[in-house]
Amino acid sequence: MIGTRRVAALLAAGSMALLACGSQQANNSPTKTDPGITSNQILLGGIFPASGTASAYYSIPKGMTAYFDYVNKEKGGVNGRQIKFDVLDDAYSPANTPAKARQLAEEDKVFLDFGQLGTPTNLAVRDYWNSQQIPQLFVSTGSDHWGKDYSQYPWTLGWQLNYGSEARMYAAYILQNEPNDKIGILYQNDDYGTDYVNGLKAGLGGKADSMIVGTATYNAGDPTNMSSQVAKLKATGADTFYVVTTPAYAASAVVNAITSGWKPKFYMNAVANPTSVWKQVSTQLGGSSSAMDGMISAVYLKDPLDTTKWGSDAGVQLFKTIMQKYGGDLASPPCDATGADGFCVFGMAVAYTMVDVLKKAGSNLTRKNVMDIAAKGLKETDNPLTLPGITIQTTATDHFPIAQGQLEKWNKDHWEPFGSIISGRGA
Amino acid sequence: MRRDYLNWAIGVVGVALLLVVPNVTDQFQTFMFAQVAAYAVAVVGLNILTGYSGQISLGNGAFMAIGSYTTALLTARAGWPVYLTIPVGGLLAGLVGLLVGIPALRLRGIYLALATFALALSVTPVLNNYDKFTGGHLGVGFKAVTPPFDIPLSNEQWLYFLGWIVFFLLFVPAWLLLRGRTGRAWMAVRDSETAAAANGIGLAYYKTLAFGISALYAGVAGSLLVIDFAYVNPDSYNLNLSLQLLVAMVIGGLANIWGPLFGALLVVWLPYVAEKAVNSKPDLAFGALLIVVVFLAPNGIAGLLRRGLLTLRGRRQEASQTTGALEATPAEADQIAT
């Protein structure tokens, strides 16, 4: 018994000593800083699903970490400070996210929350980050909320091409090239679906009511068979099919539209445009797969797999070199130097913008200053992995960093970008 | 009688510990312990249903969702004081639990598990479907609670005390119920329905009652959790939550009054430890640790601790006698774990 008591006392004393050490950390650095910044380090945090059904997204922080390692080792960090990136797992469940956010803020004491993944998970801690005035910066989700709600949540900002802007790109193309289209819309009955539908309507403007002839919906989690929705839209006389669904539903919608003899022109939301999905659908359709050719979608990042187009591109070369050198133990297929994993490419592209912003902040490394630069003064034209011609930009009134992209057409077994960069920025 | 002394001793030490914890932890850790309180309430409820009355439920996450949404909607939309919504959430969930308990009377063992499994699976789609009412995918947020009457506590400390006060308000009646007539009836039903019925125990009454009480506890737990987060979303109530409750109950100690505390501690803190151990594959470490615990403590942590305590006092014989009567047999534990 005495032995046990002594051990307990020692443990207690030890933990008290540790606590004391933690609170005595002094910051002697001459620059203006906030927690998470020391004279030789910038500590960023992130929350991504390392486990669970959405763990494919974990390639994103792998791409980010590889880029930070490259900047640390080959560029001497950012103004002499090494970037450290703490990544926590919330398994894509909003029930886990609040504790993870507090762990980053209060225990790890990160400078900011970088690239956090998922719409429901980000929404779960948006109030928290904003109440703490810690940036929830460049979140990895395409929801319109981050830009739209900026005045209410000035510490939250997105990065990627948002749903509404993408939809406005399609609208711009349709108005210019197919002004007499009769559009049928299939969308997921939630916030994600309505972002795309509202974006299209806003883009079509006064012609929206006459051009959109029918809509059909489904709920996330429904059986993936879209035959009844497709039959409903076909019956409206639509000749254009705007598909706002996740991949499994999109595949069913396209297959049904073709096999039922409708064969409309397809517009496919980027959420469901991975090449692997459509290669599979094409195999499934066999002889009638040619009806899929010409399906339109949108893209804003380079595809390293497309070697004819990007084989000698400096940005893609940089991606490959970095993944080879620093991907090392982080990268497991498919997140490797080939670029087969788009999430990996995406991660490195966002990390580039993050480093860009930190550089601009210079010696004024406060959360407020970094957030101001990111949300109001961003103008990046040299991101190595976004399509040439895209400007990652925010202003005092526009908080959607990427609102541009290029359209692409499906051709037998791959997507072919065409035309120039189109802007989908809201009015 | 001696068991009572032991329980009282554990209780006193427990309360002392609970008072110390928020003073020596940082905000994040305090917040984690506040969540432990909420999960502990839910696991006490599940333990009544599964551990004591022998009805396996994979669906208690659904009852938690009812509590959570009651609190969130009443607070955000109707402007109710958040504390008032806790009993309402509990009672609503309890009512639904009673209703679920009626058809459940016809199901046993693995079939009941499957039926409640369906309940757990349906939560997210149902909440998303009635999005006009529930806020759908976007969820419902409200203003985070702060300590009332200018009590000099941080927000996290207040959440902590709120959680543990509610825990005690629910733990004491559960304890009284379980050590009295009702508890004995539940255990009799669990051990043999035929024998219980032959002794004049109303099967339908006691089994439905267990469902209702269990759901009430789950509802209160859901309210507490949503107060901690100040936000609720359909995706929070995935199957994983219900499974976590089951894991917590089994690991803590099936049909052991203290089990839920250990189980809740584990469910909240083990993922954290696992993540520190193996950063990129926390689920792997979580699984490994789980297996270790199950192997080392087949009667759960509470069972292990009690056996340890009794062994220390040199009363091995008593240990073997009491564990047989008041804990689930290993065979029963197996049945639930598989």
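Participant: I keep staring at the overall build of chain B and nothing clicks. Help me out?
Facilitator: The helix and strand tally for chain B stands at 16 helices and two strands. Over its C-alpha atoms chain B spans a radius of gyration of 20 Å, differing by no more than 12% from the 20 Å that the globule rule assigns to 338 residues. Buried positions account for 50% of the 338 residues belonging to chain B. Within chain B, contacts between residues separated by at least 24 positions form 76% of all contacts whose residues are at least 6 apart in sequence.

Participant: Honestly, the overall build of chain A in this entry has me stumped. Any pointers?
Facilitator: When helices and strands are tallied, chain A shows 15 helices and 17 strands. Taken over the C-alpha trace, chain A has a radius of gyration of 24 Å; the compact-globule value for 427 residues is 22 Å, and the two agree within 12%. Along the first, second and third principal axes, the C-alpha atoms of chain A reach 80 × 50 × 40 Å. Out of the 427 residues in chain A, the part that is buried amounts to 51%. Considering only contacts in chain A between residues 6 or more positions apart, those separated by 24 or more positions represent 69%.

Participant: Where do I start with the interface of chain B and chain A in this structure?
Facilitator: Think of interface size as the accessible area that goes away when the parts come together; that is how it is often given. Across the contact, 31 residues belong to chain B and 22 residues belong to chain A. Looking at the side of chain B that touches chain A, the elements with two or more residues in it are α2 (27–52), α5 (109–129), α11 (239–253) and α13 (282–296) of chain B. Here the side of chain B that touches chain A takes five residues from α2(B), the largest share from any one element.

Participant: I'm lost on helix α3 (residues 60–76) of chain B in this one. Help?
Facilitator: Helical geometry: 3.6 residues make up each α-helical turn, so side chains three or four residues apart lie on a common side. Over its 17 residues, α3(B) extends 24 Å from the first C-alpha to the last, a length consistent with the 24 Å expected when each residue adds 1.5 Å. α3(B) sits mainly inside the fold: 14 of its 17 residues count as buried.

Participant: Help me understand the environment of A:H414, please; the structure alone is not making it clear to me.
Facilitator: Secondary-structure assignment places A:H414 in strand β17 (residues 414–423). Separated by 108 residues in sequence, A:H414 and A:D306 place their C-alpha atoms 9.2 Å apart.

Participant: Quick question: what am I supposed to make of the confidence of the model for chain A here?
Facilitator: Atomic detail in the predicted coordinates should be set aside for any region of low pLDDT. Summary statistics for chain A give a mean pLDDT of 87 and a share of 91% for residues scoring 70 or more. No element of chain A has a lower mean pLDDT than helix α1 (residues 2–23) of chain A, which averages 40, and none a higher one than strand β5 (residues 112–114) of chain A, which averages 97.

Participant: For this particular structure, what's the right way to read the nonpolar core?
Facilitator: A general tendency of soluble globular proteins is for nonpolar side chains to be buried together. Among the nonpolar cores identified, the biggest contains 223 residues, and A:V243, A:V254, A:M348, B:Y39, B:V41, B:A42 and B:A221 are the most heavily contacted of them. Excluding anything up to four places from it in sequence, A:M348 contacts A:G63, A:M64, A:A66, A:Y67, A:F319, A:I322 and A:L385.

What counts and what doesn't
Residues numbered from 1 in each chain as written. Chains lettered and ligands numbered in written order. Predicted model: local features only at pLDDT ≥ 70, side-chain atom pairs only at ≥ 80, totals over all residues. Helix = DSSP H or I, 4+ residues; strand = E, 2+ residues; numbered from the N terminus. Rg over C-alpha atoms; globule rule 2.2 N^0.38 Å. Buried ≥ 20, exposed ≤ 12 C-beta atoms within 10 Å, placed from the backbone. Contact = placed C-beta atoms within 7 Å. Expected span 1.5 Å × (residues − 1). pLDDT = per-residue confidence, 0-100. Core = buried A, V, L, I, M, F, W, Y, C linked by C-beta atoms within 7 Å.

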